[in-house]
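Per-entry structural report
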Amino acid sequence: MEQAVNSGLVRRHHRRRASLTPAVPVTLVAVLSAVFVASLANLSLWRSVLQLMPASAGSLGFLLAEAALLLALIHLLIAPFAIRPLFKPVLSLLLLISAVAAYFMDSYGSVIDKSMIQNVAETDPAEATELFSAGLLQYLALLWLLPSVILWRLRIDYGSWRRQVFSRLLSVVVSVLVIAAALASHYRDFSLIGREHKELRMQMNPVYPLYAAIRYVTETPVQPGTIQPIAEDAHRVMYAANPSRQRLVVLVVGETARAANFSLNGYSRRTNPELAQLPVYSFSNVVSCGTTTAVSVRCMFSALGRERYSQDQASAQENILDVLQRVGVNVLWRDNNSGCKGVCDRVAHEQLDKLTTPELCADGECFDGILLTDLQSRLDATTGDTLIVLHQKGSHGPAYYRRTPAAFKPFTPECQDANVQNCSQQTLINAYDNTLFYTDHVLAALTSLLTHNRDRFESTLIYLSDHGESLGEGGLYLHGFPYPVAPPEQTHVPLLVWFTPGMPDMLKLDTRCFAASTDTALSHDHLFHSLLGLFDVRTNVYEQELDLFSDCRQPNRLAPRPELAGSPERGLATE
């Protein structure tokens, strides 16, 4: 009885105290929340705007119009949900999205567009955890947790349901009018800046991240039941100088390697000491199809090319691996990354990044040397012409230091913080260059393995990175910037080619001509057609001008080999 009386007294005390605390109109809370997000969660935007239009009497009008535009856009996101059941949970979620986006934009110079969201959605969980840091926790505490606690403790006056509906409609109308007035007041400035600096609208937080997320959800294709075939007329017309040996192509898909840091391309540091001792052709003028793995890997193996590429179309049709397999080439994909993005789904493939080989694997991931593990046994069990794709972990950041064994760290001190903006740029570059030094060793070891197998195979080794990386230049880090405004550090990629001694003869390739072509402007678009050319596949889809080797191949005058396609007993063992 006494306990019930005490409970009643406590409830009356809280009701009395609540009645003495004035309720805040929901419209005022919505506006103040918009001001909070437009200011503290949009520091990157304001830095960019002030670089273009430094604060002065002449620019004051535009800056005020920009502020009004951003404030109205954010308020337009909040206003429709300013009703009792939805307001606090929706606003808390919006604050969370704003805080996370603000951290990555402020810390790495990232832009949260559709391809970035796709890259995050498809990345390996172990890679994703590298992005969690003390800096992110600070942003979450300041921009999400603190305002959310205040929000949930706040007494809010929503008014009657009729008043809520009317107020929400009025808020939306006012926001739209403010947006229109802001744009109209400085239309010329907004138009010019919008054309020349598209990244500014992408920095509007959380407006653009939400728009990008909606695009990703609505435009991500459902995996089709059937894959559209391409190059159905494909056939092999093989002219071999030495028919006793089979043709082997090993394609190493690099990860996050940028051409500027390859000493083979003139970089001052010896990042390629082992390859420099080998007859390697380094192509120094190559651009990627995208700035993320999710886009580039799909695009570089498709026949679409960068200008025509879409995830929808690439996912719905065959790629170069399908075409080569269909004409009798053995195909194997070995992966030490977050997967092949669907490219290898219809060919033999192995995921190696979760192995537990002690000398190569630790903490849930493996060094790229794992790609060579058991590769000899695969070749021993293989008959027939073969393509092997090795997908690297490479130079994936931000924890570059985790990509290299202790014996392959010549550049010190190196940044050992995944929160890379906490490191000096030089220690960050040291860590990154160490990853290229290790890649150099892996590729050199691969050439030794291929040379060892010359009694059965003449081989071509191709190394091509999926995209590049920013290391603090212009305040940008990592990759994933929208392609039209991406810096060259994220799009300029290395391409290396190496042959066993007999392979040029098998290809009828003039090596002097080939060596003279290393400054030619190339792109990921060349990969599809170059692989067709290496295996002498003829099809209407083949474009000779996009074949890296075609200009230096002598006219084929030898009789074609009788076996134009694989026989049933030919194959590649994958266990």
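Before reading on, note that the structure itself is shown above.
A separate point is the state of the cysteines. In this structure the tally under the stated criterion is five disulfides. A disulfide bridge connects Cys 289 with Cys 299, and the sulfur atoms are separated by 1.8 Å. The S-S bond linking Cys 289 to Cys 299 shows a torsion near 60 degrees; that makes this disulfide right-handed. On the criterion of sequence distance, the pair formed by Cys 289 in the loop between β6 (286-287) and α13 (293-301) and Cys 299 in helix α13 is long-range, its members being ten residues apart. On the accessibility criterion, Cys 289 (6% relative accessible area) is buried. Owing to a relative accessible area of 3%, Cys 299 belongs among the buried residues under this scheme. Ordering the disulfide-forming cysteines of the protein chain by sequence position, one finds them joined as 1-2, 3-4, 5-6, 7-8, 9-10.

Where burial is concerned, most of strand β4 (residues 246-254) is hidden: eight out of the nine residues are buried. Of the strand pairs in this sheet, β4 and strand β12 (residues 457-465) are connected by nine bridges, and their pairing is parallel. Looking across to β12, one finds that Val 253 is bridged to Leu 464.

Let us now look at the sheet that holds strand β11 (residues 386-391). The strand order β5-β15-β12-β4-β11-β7-β8 describes an open sheet built from seven strands, whose pairing is mixed. Two strands close off the open sheet at either side, each with one partner strand: β5 (281-283) and β8 (348-351). Between one strand axis and the next, the sheet turns by 15 degrees as a mean value, whatever way the strands run. Seen against the sheet, helix α21 (residues 525-534) touches β4, β11 and β12 and runs at an angle of roughly 165 degrees to β4.

In this structure, Pro 206 follows Asn 205 across a cis peptide bond, with omega equal to 0 degrees. On the secondary structure map, Pro 206 appears in the loop between α11 (199-202) and α12 (207-219). Here Thr 412 and Pro 413 are connected by a cis peptide whose omega angle stands at -5 degrees. Within the secondary structure, Pro 413 is located in the loop between β11 and α17 (425-452). Positive phi is not limited to glycine here, since Leu 478 has a value of about 60 degrees. Along the polypeptide, Leu 478 turns up in strand β14 (residues 477-478). Residue class for Leu 478 comes out buried when judged on its relative accessible area of 10%. In this model, Asp 536 sits at a positive phi of 50 degrees, which is unusual for a non-glycine residue. Mapped onto the secondary structure, Asp 536 falls in the loop between α21 and β17 (537-538).

Rules behind the numbers
Residues numbered from 1 in each chain as written. Predicted model: local features only at pLDDT ≥ 70, side-chain atom pairs only at ≥ 80, totals over all residues. Heavy atoms only, no water. Disulfide = S-S within 2.5 Å. Helix = DSSP H or I, 4+ residues; strand = E, 2+ residues; numbered from the N terminus. Buried < 20%, exposed > 50% of the residue type's maximum accessible area, 1.4 Å probe, protein only. Pairing = 2+ DSSP bridges. Axes fitted to C-alpha atoms, helices over the stretch in contact; angles between N-to-C directions. Contact = heavy atoms within 4.5 Å.

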